[in-house]
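Each chain, letter by letter, is given below.
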Amino acid sequence: MAFHLQPLLHLHHPYAGVYAVVKKIPRGKVATYGQIALLAGMPRAARQVGLALRITPGSIKIPWHRVINAQGQISMRQHDWQSGGDDYQRVLLENEGIEFSAAGKINLKKFRWLPPSPPSLEMPCC
DNA sequence: TTTATGGCTGTCA
DNA sequence: ATGACAGCCATAA
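Residues numbered from 1 in each chain as written. Chains lettered and ligands numbered in written order. Predicted model: local features only at pLDDT ≥ 70, side-chain atom pairs only at ≥ 80, totals over all residues. Heavy atoms only, no water.

Quick look at the protein's contact with DNA strand B
Taken together, 17 residues sit near DNA strand B, with Tyr33, Arg47, Ala70, Ser75 and Arg77 positioned nearest. Counting only the atoms of DNA strand B within 4 Å of the protein, the fraction contributed by sugar and phosphate is 48%. Here Trp64 contributes a backbone N or O atom positioned 3.3 Å from a base nitrogen of DNA strand B. Between a phosphate oxygen of DNA strand B and a side-chain N or O atom of Ser75, the distance comes to 2.8 Å. Of all the secondary structure elements, the ones that give two or more residues to the surface near DNA strand B are α2 (33–39) and α3 (46–54). Looking at the surface near DNA strand B, the element that brings in the most residues is α3, giving 6 residues. Split into classes, the residues belonging to the surface near DNA strand B amount to 7 nonpolar, 7 polar and 3 charged. (Near = heavy atom within 4 Å. Polar contact = N/O pair within 3.5 Å; in protein donor to acceptor, adjacent residues only side chain to side chain. Helix = DSSP H or I, 4+ residues; strand = E, 2+ residues; numbered from the N terminus. Nonpolar A, V, L, I, M, F, W, Y, C, P; charged D, E, K, R; others polar.)

Encoded structure:
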């Protein structure tokens, strides 16, 4: 059929918006869950972003590791903190040049990704 | 439908 | 700086 022209974009997925935003985070930068939620048009739905990333289909390739919590730390699934897989995300980030403090935190002032159109800094055209 | 639970966040002690 | 709490909102039971 003529409808498989969009096989790479999972537009049917309820969190397609989230994935689209996460995909925009450039290498060497990070964003917070709340930030992603805001950009995806669902303010204060930070937890849903976490859920979205958690259930991300393997067929969707996104830099999920560049999404961290507002404290500048890595959030991990309850499932992982006991299996010790928490360092994985950190390794990926360090690989991109992101630095961690001794307490394992990232300086958001320095590494936070600033989206192209910052929300509500100015009034819409006059 | 009601309750519980999150890869969260801001506030307050 | 750290810990407890209350909002937040989509899933899972």
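Okay, back to it.
Comments concerning the side chain of His13
Along the chain, His13 turns up in the segment before α1 (16–22). With relative accessibility at 18%, the residue His13 sits in the buried group. A distance of 3.0 Å separates the side chain of His13 from the backbone nitrogen of Tyr15, its partner in a polar contact. Not counting the four nearest positions on each side in its chain, His13 is found in contact with Tyr19, Ile55 and Pro57. (Buried < 20%, exposed > 50% of the residue type's maximum accessible area, 1.4 Å probe, protein only. Contact = heavy atoms within 4.5 Å.)

A closer look at α3
Looking only at α3, the buried set comprises Val49, Ala52 and Leu53. Down the axis of α3, the smallest arc covering the buried residues is 95 degrees, so these residues share one side. What points out from α3, more than 90 degrees from its buried face, is the exposed set Arg47 and Arg54. Where α3 is buried, its residues contact α1, α2 and β2 (67–68). (Arc of directions from axis to C-beta.)

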